[in-house]
Amino acid sequence: MLERGASVCLVDPAEERGRGVAYRTDDPRHLLNVPAGKMSALQDDPGDFARWAGVAVTEFVPRRVFGAYLAAHLDGASARNPGRLRVVRDRATRLERSRDGVRISLAAGDFVTADAAVLAIGAVGDRDDWVPTDTPDSAAFVPDPWAPGALTGVRDDRDVVLVGTGLTAVDLAMTLNRPGRVVHAVSRTGLLPRRHRPAEPMRPPELTGCTGLDDVRRLVSAHVRESVRRHGDWRPAVDSLRPVTARLWDLLPLRDRSRFLAEDLRSWEVHRHRMPSTTARTLIRLRRNGTLRTHRTGVTAVRMLPDGVVLHLGNGTELTAGTVINCTGLRHDVRRCPDPLVAGLLADGIAAPGPLGLGFDTLPDGRVRGDAPLWTLGALRRGNLWETTAYPEIRAQAADVARSVTTTAWSSEVPSC
Ligand SMILES: Cc1cc2nc3c(=O)[nH]c(=O)nc-3n(C[C@H](O)[C@H](O)[C@H](O)COP(=O)(O)OP(=O)(O)OC[C@H]3O[C@@H](n4cnc5c(N)ncnc54)[C@H](O)[C@@H]3O)c2cc1C
């Protein structure tokens, strides 16, 4: 937006800009799950990030390097457009319509006014059902492992339980590995993300005749069989779905989208959001030497102890550990989101929930449906687009949003903060 002539006020309580939740980790073992060649900030120059980082386009780079790259791009845009970027380190708590734009209240008591606002707040929602409600302050329970300093209270001499077996659990299993410690990872499916392998490009399947989930399942199965026949691997088929995923999602009736979430989500995630091979090799080693144990069952109860926690699992096992860490992520239903900014937008009728409550209802250019000058991108568009949480999709959305905002409403003045 800076490059398109707008003045921008960036509101975020985070210490460093450009990092967000994913790219602020300091652990060099936390790698991007997308190769460098697909993480360029510039749509028309796919090699930009790999050149900046000095790596091959096929390499999986530590996420913190990517955070530094994004920050460098922001600094560059700011330097080329002096005086037009203002950064406010605070949390937005409320957004209201004003006579000629929006007024955003901040946690510290100040406010920002602007012609338009873009909500780029990442994933929002509430915690999974297993999360105990009576232990928010216990040092033995970590509700969000990506919150700054979240792992500082984890005792080195105690075992740890991770609830969830997705990419977050994989990262934590590596970070928390210590001699003599067992890291338990528990989930209903017990499925870990699959590993990346170099995949041949494949054309997406023809969607003609697809009108429901059963059609989509048949189509995807046939496409995967074709991929295995031609390339000896299912990955080309899964990757080829990426450009048509939003169309597939769009053609599903609501009840089929619900069924997909209940019946296919985990399988989709482990095949679609894969881990780099180096990470997979580390996990194999940890599982072989017994320091990482996966449990395919649910959590039925959590009992906090004065110096730890006991988890009761659906298969009758009891796990005693120093800390339990929530790695199930958020449920993306905005209707159950406790965040005051999101709840206020719904209560004031400025935004409406998207399909199934997954984010806000948005127009194709990212504008939040309604009459406020408000746009969004990323996870908050999940109900409309589904495939909207990884950087390559967010980059394309950011370009659309910048175009739409700057042609609809913009000011050459720095927004007043
Ligand atoms: C652990 C992890 C690893 C990932 N790895 C990859 C990967 O390798 N490749 C990939 O493509 N994608 C990855 N992703 C997806 C990743 O989230 C996206 O790529 C992208 O970073 C999302 O950007 P975002 O700006 O929408 O949200 P975020 O990066 O989550 O940023 C949201 C920002 O909004 C701020 N914020 C939130 N609420 C408020 C408020 N009320 N007021 C002010 N500020 C607020 C937060 O402080 C934060 O800085 C990963 C995600 C996670 C969680």
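Note that the coordinates shown come from a computational prediction; the quantities given were computed from them, not determined experimentally.

Analysis parameters
- Residues numbered from 1 in each chain as written.
- Predicted model: local features only at pLDDT ≥ 70, side-chain atom pairs only at ≥ 80, totals over all residues.
- Heavy atoms only, no water.
- Helix = DSSP H or I, 4+ residues; strand = E, 2+ residues; numbered from the N terminus.
- Buried < 20%, exposed > 50% of the residue type's maximum accessible area, 1.4 Å probe, protein only.
- Contact = heavy atoms within 4.5 Å.
- Core = buried A, V, L, I, M, F, W, Y, C linked by side-chain atoms within 4.5 Å.
- Near = heavy atom within 4 Å.
- Polar contact = N/O pair within 3.5 Å; in protein donor to acceptor, adjacent residues only side chain to side chain.
- Areas by Shrake-Rupley, 256 points an atom, 1.4 Å probe, with all protein chains shown as cover.
- Nonpolar A, V, L, I, M, F, W, Y, C, P; charged D, E, K, R; others polar.
- Domains from an automatic or database assignment.
- Arc of directions from axis to C-beta.

Some thoughts on the side chain of Ser 40
Its place among the elements puts Ser 40 in the loop between strand S1 (8-11) and helix H1 (48-53). By relative accessible area, which is 0% here, Ser 40 ends up buried. Leave out the neighbours within four places in its chain, and Ser 40 touches Asp 45, Pro 46, Asp 48, Phe 49, Tyr 69, Tyr 391 and Arg 395.

A few points about the nonpolar core
Counting residues in each nonpolar core, the largest one holds 24 residues, and the members touching the most others are Leu 95, Ile 104, Leu 119, Leu 345, Phe 360 and Leu 374. If we ignore the near neighbours within four places in the chain, the residues touching Phe 360 are Leu 119, Val 334, Val 342, Leu 345, Leu 346, Ala 351, Ala 352, Pro 353, Gly 354, Val 368, Leu 380 and Asn 384. Listed in part, the 20 residues of the second largest apolar core include Val 142, Val 154, Leu 292 and Cys 327.

Topic: the site of the ligand
The full set close to the ligand counts 25 residues, and Asp 12, Tyr 23, Asn 33, Ala 92 and Tyr 391 are the nearest of them. Side-chain polar atom of Asp 12 to an oxygen atom of the ligand: 2.6 Å apart, as the coordinates give it. Within the backbone of Ala 92, one N or O atom sits 2.9 Å away from a nitrogen atom of the ligand. Burial of the ligand by the protein amounts to 82% of the accessible area it has alone, namely 980 Å². Sorting elements by how many residues they give to the shell around the ligand places helix H12 (residues 391-408) first, with three residues. Among the residues forming the shell around the ligand, the class breakdown is 17 nonpolar, four polar and four charged.

Description of the domain arrangement of the protein
Each domain of the protein was delimited in the assignment, giving domain 1 (8-125 + 332-408), domain 2 (127-192 + 290-327) and domain 3 (213-269). Domain 2 and domain 3 are separated by 31 Å when their C-alpha centres are compared.

Things to note about helix H3 (residues 167-175)
Burial runs high along H3: seven of the nine residues are buried. Taken residue by residue, H3 has Ala 169, Val 170, Asp 171, Leu 172, Ala 173, Met 174 and Thr 175 as its buried positions. Buried residues belonging to H3 abut helix H2 (63-80), strand S9 (160-163), strand S10 (183-187), helix H9 (277-288), strand S11 (292-296) and strand S15 (323-326).

Considerations on the environment of Asn 326
Here Asn 326 is to be found in strand S15. Judged by relative accessible area, which is 2%, Asn 326 ranks as buried. Asn 326 sits 183 residues away from Pro 143 along the chain, and the two C-alpha atoms are 5.2 Å apart. Once you skip the residues sitting within four places of it in the chain, Asn 326 turns out to touch Arg 127, Trp 130, Val 131, Val 142, Pro 143, Pro 145 and Val 163. A distance of 2.6 Å separates a polar atom in the side chain of Asn 326 from a polar atom in the side chain of Thr 328.

Side note on helix H7 (residues 254-263)
Among the residues making up H7, those that are buried are Asp 256, Arg 257 and Phe 260. Around the axis of H7, the buried residues are gathered within 105° of arc, so they sit on the same side. Residues of H7 that are exposed and angled more than 90 degrees away from the buried face: Arg 255 and Ala 262. For H7, the elements touching its buried residues are helix H4 (213-231), helix H6 (245-251), helix H8 (265-272) and helix H11 (382-385).

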